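# Observations on the model geometry
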Amino acid sequence: MTTWMPMAPAPDRVPAGASAGGDGVVVGAGPVTVDAYIDFQCPYCKRFEEVAGPTLDRLVADQLINLGYHPMSFLDRLSTNHYSSRAASSSGCAADGGRFREYARALFAVQPPEGGPGLTDEELIERGRSVGLTDPGFARCVLGGAYLGWAAYVTFAAGRRGVGATPTVMVDGVPVPADPRAVAAAVATVLEEA
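These remarks concern the structure in this document. (Residues numbered from 1 in each chain as written. Predicted model: local features only at pLDDT ≥ 70, side-chain atom pairs only at ≥ 80, totals over all residues. Heavy atoms only, no water.)

## Some details on the state of the cysteines
Per the stated rule, a full pass over the model turns up one disulfide. Sulfur-sulfur distance for the disulfide between C93 and C141 comes to 2.1 Å. Residues C93 and C141 share a disulfide whose torsion about the S-S bond is about -80°; that sign makes it left-handed. With C93 in helix 2 (residues 83-96) and C141 in helix 5 (residues 136-143), the pair connects residues that are 48 residues apart, well separated along the chain. By relative accessible area, which is 3% here, C93 ends up buried. Taking relative accessible area as the criterion, C141 reaches 9% and is therefore assigned buried. (Disulfide = S-S within 2.5 Å. Helix = DSSP H or I, 4+ residues; strand = E, 2+ residues; numbered from the N terminus. Buried < 20%, exposed > 50% of the residue type's maximum accessible area, 1.4 Å probe, protein only.)

Right, here's the structure in full:
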């Protein structure tokens, strides 16, 4: 797990499907809120997505949870081209195209190592094409860095909530281990108590 220092003003623009506070993208509409704080350059986040992704998909499909993804940008210092910020921004562009979840998976599938360059903007656009984001507006959004301010704000807002590492997972505001069984058990407990 990696730690970071937050600082950013509220963004001028948030992506489609943004949470009420504007600090994430929500998938699903179930009664229990699951928040996942991730960084596209974080290897532990990639592992979390690989291991927990099917469970999260099932919980969303069964309409048990609303899943808020909070793509953070605190690992910028571990890339030579501000990859975390640019990847988070491009995920906002993917949300506008209705493909946030697919795009996030596509980014994790080709995750660059910490300490080197991340994907170029052209490679981010190509990842979008691979999941059906072929509208020219997606490419313009990525190239224009439309959600860079949002990415900084997501990171800042996460810090205000006490998030100091990725991945961090919360079920109805309570931190739980970033493990599919722990998440599913916490969701079941909330549903039983409702």
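## Considering unusual backbone geometry
In the segment running from T166 into P167, the intervening peptide bond is cis, with an omega of -5°. Mapped onto the elements, P167 comes out in the loop between helix 6 (148-160) and strand 4 (168-171). The residue Q63 is not glycine, and still its phi comes out positive at about 60°. The phi torsion at D172 lies on the positive side, around 50°, for a residue other than glycine.

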